Structures are given as C-alpha cells and as structure tokens.
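Chain by chain, the residues:
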Amino acid sequence: MKDHETFPIIPIKKGQGIWLEDFDGNRYLDAISSWWVNLFGHANPAINAALKDQLDTLEHVIFAGFTHESAIKLAEKLVEITPEGLNRCFYADNGSAAVEVALKMSFHYWRNRGQTQKTRFITLENSYHGETLGALAVGNVPLYKETYAPLLMDVITVPGPDCYHREPGESWADYSSRRFELMEQALQQHSATVCAVIIEPLVQCAGSMRMYDPVYLKLLREACDNYNVHLIVDEIAVGFGRTGTMFACEQAAISPDFMCLSKGLTGGYLPLSAVLTTDQVYQAFYDEYQNMTAFLHSHSYTGNALACRAGLATIDIFQQQNIIEKNKALAEIMANTALRFHNHPQVAEVRQTGMILAIELVKNKHTREPFPWQERRGLKVYQYALSKGVLLRPLGNVIYFMPPYIVTEDELLLIAEVAEQGIQYAIKD
Ligand code: PMP
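Residues numbered from 1 in each chain as written. Predicted model: local features only at pLDDT ≥ 70, side-chain atom pairs only at ≥ 80, totals over all residues. Heavy atoms only, no water.

**Student:** Just give me the short version of the sheet that holds strand β15 (residues 390–391), but keep the residues and values in it.
**Tutor:** With mixed pairing, the 4 strands of this open sheet are ordered in space as β1-β2-β3-β15. Both outer strands of the open sheet, β1 (12–16) and β15, are each paired with one neighbouring strand and no more. Note: strand β3 (residues 27–30) against β15, 2 bridges, orientation parallel. When the bridges of β15 are listed, Asp30 appears paired with Leu391. (Pairing = 2+ DSSP bridges. Helix = DSSP H or I, 4+ residues; strand = E, 2+ residues; numbered from the N terminus.)

Below, the structure is given as structure tokens:
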C-alpha cells in the first residue's frame, strides 16, 4: 500500500474487448487477461447476453438438496470436454477452494477405503496451487508460503522438471524425463502414506511461467497407477486453451483422478471452480447415511447460477468458433513478435507453450545471474508499459504475455514493442 503513495492504484471505469479504460480516458491493453481469467474480452456480447437471460431467470439457489439448469448443463459439458474417465463434477467458487476440495476428497477416498495411513501429499518445487492454507501447503513458491510455514501441513516436495535448468543442448523431453527419476524415488519411498501427487500440467504459472515437457505427465500417470496414488492435475491457470489444447493434460494423453478448473471456466466473468473426478472416486462416497462416508464441503455460493451460465456461454464460444485451432495461428504470431528478445543481452530465455510466452530477464545472460530482487526491475517494466497503455504485470523479473484469445496481430505487435521498450527502461541503470 505504501508503494501506491507514489504509484496510485488505477480505478477502471469500463472494459471493452481487450481494452480497459480508466476515469481519465486512458486505455490499457489487458495483455495478461486480468490474471489469466479473461478469454474472450471484457463485456463479451455473447456472455453478456447469456448472463442477462440468466439474471431474469435465476441468480442463485442453495446447492444442497436443490440444483438448477445451468449447473446441470455445465457439469454435463465439462464431463464431455475433459479427458476420458472424468465423469463426476463437484463445484466450488474459486481456484484455491477447488484445490482444497481435491486434497480433501483424495484423502477421504483412501479413508473410506480403509487406507487410513494415507495422509500426505507430494508436490513439486516451484509449484503454486492457491493461497488458502491447504492450497498454500502444497505450493512451493517462498514469496507466498514462507511467512505462513508454521501453520501449514507437512508435504513431500520433489525437485521438478522445470526446463529452465536443463543443460545446454538438452531437449525439454530429455530433461523432463531425467528429472522424473526424483519423483519415482519419492513415490517408491513414500507411496504407502501418500494420498496424491498434485501438479500444474506443462506450465508452473505463478512460479515464473516455468515450463516442461508433456512426457513428465505421462510418466507421472504411469507411476501413480503403479504406486496406488492419486494424480491431481491443477488446470486452473492452464485449462481452457492456454497451452494450445483445451486442457494441458491432453498433450500427454492422460486422464488424472482429479482435475481442478477455475479462472477461464467463466471466461473471466465470475468466480467459479469445478473439480472433475472419476466414477471410482464417486462410488467410494456413495453409501448409507449412517455409515458417515459422505463428502462435506459446502460453500454458500457453490454452483452459482450466473457463474455456471457464464461457463456455458464460454464453452459455446470455444465450440462455435473453433478457438483451439485459431489459437495455433495466434501463438505463432506471438512467437514471431518475441523473436526480438532472443539475443537481448539481459534475456536468459524466451519460452512459450501455446498462448503463454515468457521472457526471463537476468543481470548476466551467460551465467544467468539474476537481478537482485530488491531492484524490482519487473516493476519498472510494468510501470513503463502502463504509461504506454499496455497492462503487463511481470512475475518478479519474468515478463510474460498471456492475452485474451481475441487479441489481434497488431495488438500482439504492440505488446512486444512496449515490452521491449519497457525492458530497456528497466535495465538502463
Ligand atoms: N492453482 C493455480 C495453478 C493458479 O494459477 C491459481 C491462481 N493463480 C490458483 C490455483 C488459485 O486460484 P484462485 O486465485 O482462484 O484461488
């Protein structure tokens, strides 16, 4: 808040398409999709129309003992479009809550099956799964976690497949497979007491947009089966087309035991999340009341009707407009606009997975020595870009582009040009 004494918060008056506008008439291109949620622009006409209709029909209703049309239709749609075997849908109201649900449900599944020794979770270094206490415990980014460490459950943290650390000349696939040995060891050692492995597929977004090869997910699915451990895939940031496929898991042709969805689920309109799971998990809770095996996790706004309707309208756009195919062309344009950064003396790496492109700024390109965090170079890029009408909000010294899918070629060029100028501004002393 003290920062904002010299750098005021910007009140936004309205949003239209990729643009936000403040009360002084300044416009900002939303190059990070308002924290990765917005897929088809602000005030999208199709989503607006669906919501207006829903508003006149039903805004919300208790989701215990009652249900409604949009919740049913959305659950059916999600089952249809997610990987095979995910036939059951549990709603919550934000990403962290979805992670809590998946962790609790996995633990409770084993308990209902008599395996009460299974109480722990395996997670990856540099992972992020949200900021409520359970989600924070299975995350590993110190910035968010360290302060609260005394409050958090103990987890098993395994070094990850983040390809930034691969050897020169080593492929993403080779590095990611090599790193899997460490996961295999952890499973071998701990599987008897482990409920699940939780992972962000392909991109660790909040962990500086670090990326890895799908082969890691393939190996992890096989190992989880071998060691009798659930696989929880957190697609909250990468689901809904971000990585080039509707869901990142598809690139490894795997089905997890739990898939967490949020963010893009409502096109960036309203808070909603869903945990997709299997019939096998569902059956472990299906019993006489007296046996007390039911899964209890009841948020007041679970299955909110407006949010579910926004979700349906969002999925309709994907299906009617062939978005995944169109995004391939957009991703290629994005790659081309970023060619300028490859040889930049302060850029250690330009990496991309689908509609996510990240530029890693460093003090020394050859040794990859980072800029001291206290210098806040990324913040300078942010401030410069805002002054030029582009909303880029770096993660530390990693500048990234994660635009809504309605972005045009000219807008992608503008983003890259402003980022380039912003980097020059940020590194000049
Ligand atoms: N998981 C991942 C992978 C995320 O990126 C995020 C949000 N950045 C969350 C969970 C938490 O979602 P929410 O902010 O809605 O709680």
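**Student:** Before we move on, can you summarise the pattern of salt bridges with the specific residues and values?
**Tutor:** Considering all chains together, one arrives at 17 salt bridges under this definition. Of the charged contacts, one joins Asp162 and Arg210 as a salt bridge, the two residues approaching to 2.7 Å between their closest N and O atoms. Pair noted here: Asp162 is in the loop between β6 (156–158) and α8 (172–190) and Arg210 is in strand β9 (residues 210–211), with a separation of 48 residues, a long-range link. The exposure classification of Asp162 matches that of Arg210, with both residues buried. We classify Arg210 as buried; its relative accessible area is 11%. (Salt bridge = Lys/Arg side-chain N within 4 Å of Asp/Glu carboxyl O. Buried < 20%, exposed > 50% of the residue type's maximum accessible area, 1.4 Å probe, protein only.)

**Student:** Provide a residue-level description of the sheet that holds strand β16 (residues 398–401), including the pertinent values.
**Tutor:** Judged by pairing direction, the sheet is antiparallel, and its 3 strands sit side by side in the order β13-β14-β16 without closing on themselves. Edge positions in the open sheet fall to β13 (347–353) and β16, since each of these has one partner strand only. Across the sheet, the mean angle from the axis of one strand to that of its neighbour is 15°, orientation sign disregarded. By the bridge criterion, 4 bridges tie strand β14 (residues 356–361) to β16 in an arrangement that is antiparallel. Bridge pairing in β16 links Glu360 to Val398. (Axes fitted to C-alpha atoms, helices over the stretch in contact; angles between N-to-C directions.)

**Student:** If you had to explain the side chain of Asp30 to someone new, which residues and values would you point to?
**Tutor:** Tracing the backbone through its elements, the reader meets Asp30 in strand β3. Put simply, Asp30 is tucked away with no salt bridge, and the nearest opposite charge, on Arg242, sits 8.4 Å away. (Lys, Arg positive; Asp, Glu negative; His and termini not counted.)

**Student:** Kindly report on the domain arrangement of the protein chain, identifying the contributing residues and their values.
**Tutor:** Much of the literature gives interface size as the accessible area that the parts lose upon coming together. Looking at the protein chain, the domain boundaries give domain 1 (2–30 + 323–427) and domain 2 (49–321). Residue-level contacts link 23 residues of domain 1 with 24 residues of domain 2. Where domain 1 meets domain 2, there are 2 salt bridges. The residue Arg166 makes a salt bridge to Glu349 at a minimum N-O spacing of 3.1 Å. The set of elements that each furnish at least two residues to the side of domain 1 that touches domain 2 consists of α12 (323–337), β13, β14 and β16. (Domains from an automatic or database assignment. Contact = heavy atoms within 4.5 Å.)

**Student:** Explain the side chain of Asp162 to me, using residue names and the numbers behind them.
**Tutor:** The buried category is assigned to Asp162, whose relative accessible area is 8%. Side-chain polar atoms of Asp162 contact the side chain of Arg210, separated by 2.7 Å. Residue contacts for Asp162: discarding those within four places in its chain leaves Asn126, Tyr175, Gln204, Arg210, Met211 and Tyr212. (Polar contact = N/O pair within 3.5 Å; in protein donor to acceptor, adjacent residues only side chain to side chain.)

**Student:** Could you give me a rundown of the packing of α12 against helix α14 (residues 409–427), with the residues and numbers involved?
**Tutor:** Direction vectors running N to C along α12 and α14 enclose 30°, while the axes themselves pass 9 Å from each other. Crossing of α12 over α14 shows right-handed handedness. Contacts between α12 and α14 involve Leu330, Ile333, Met334 and Thr337 from the first element and Glu409, Leu412, Leu413 and Ala416 from the second. A per-class count over the contact of α12 with α14 returns 6 nonpolar, 1 polar and 1 charged. (Left-handed = near helix turned anticlockwise from the far one by under 90°. Nonpolar A, V, L, I, M, F, W, Y, C, P; charged D, E, K, R; others polar.)

**Student:** Hey, could you go over the nonpolar core for me, with residue numbers and the actual values?
**Tutor:** Counting 110 residues, the largest nonpolar core has Leu78, Met183, Met209, Phe240, Phe341 and Phe401 as the members making the most contacts within it. If one sorts the elements of this core by residue count, helix α11 (residues 305–321) sits on top with 9 residues. Split by domain, this core shows at least three residues from each of two domains, domain 1 (2–30 + 323–427) and domain 2 (49–321). The contacts of Leu78, once residues within four sequence positions are left out, are Cys89, Phe240, Leu261, Leu265, Ala274, Leu276 and Ile315. Listed in part, the 26 residues of the second largest apolar core include Val138, Ala196, Ile198 and Cys260. (Core = buried A, V, L, I, M, F, W, Y, C linked by side-chain atoms within 4.5 Å.)

**Student:** Quick rundown of empty space enclosed by the protein? Include the residues and the values.
**Tutor:** Unoccupied space between atoms shows up once a probe the size of one water molecule is rolled over them. Inspection of the entire model under this criterion finds 1 cavity of 30 Å³ or more. Here the largest cavity is characterised by a volume of approximately 40 Å³. Taken together, Ser127, Tyr128, His129, Gly130, Ala135, Leu136, Gly139, Asn140, Val141, Tyr144 and Lys145 form the lining of the largest cavity. Going through the elements one at a time, α6 (133–137) and α7 (142–145) are the ones with two or more residues in the lining of the largest cavity. Each residue belonging to the lining of the largest cavity can be placed in one class, and the counts come to 5 nonpolar, 5 polar and 1 charged. (1 Å grid on protein atoms, 1.4 Å probe; cavity = no way out; pocket = protein on both sides within 12 Å on 5 of 7 lines; lining within 4 Å. Points joined across faces, edges and corners; volume = space filled by probe spheres on them.)

**Student:** Could you give an account of helix α13 (residues 377–387), with specific residues and numbers?
**Tutor:** Along α13, the residues classified as buried are Arg377, Gly378, Val381, Tyr382, Tyr384, Ala385 and Leu386. The elements touched by buried residues of α13 are β3, β14, β15, β16 and α14. Looking at the residues trailing α13, positive phi occurs at Gly389, about 85°.

**Student:** So, the site of the ligand: which residues are in play, and what are the values?
**Tutor:** Taken together, Trp36, Asn94, Gly95, Ser96, Tyr128, His129, Gly130, Glu200, Asp234, Ile236, Ala237 and Lys263 make up the full set of residues adjacent to the ligand. Protein burial of the ligand: of its 400 Å² of free accessible surface, 83% is covered by the chains. Counted by class, the shell around the ligand contains 4 nonpolar, 5 polar and 3 charged residues. (Near = heavy atom within 4 Å. Areas by Shrake-Rupley, 256 points an atom, 1.4 Å probe, with all protein chains shown as cover.)

**Student:** Any chance you could break down the packing of α8 against helix α9 (residues 215–227) for me, citing the residues and the numbers?
**Tutor:** Between α8 and α9, the least distance of the axes is 9 Å, while the angle of their chain directions is 20°. With respect to their mutual orientation, α8 and α9 come out roughly parallel. Every pair of crossing elements has a handedness; the one defined by α8 and α9 is right-handed. Along its contact with α8, which presents Ala173, Ser176, Ser177, Arg179, Phe180, Met183, Glu184, Leu187 and Gln188, the element α9 presents Val215, Tyr216, Leu219, Leu220, Ala223 and Tyr227. (Parallel < 35°, antiparallel > 145°, perpendicular 65-115°, else oblique.)

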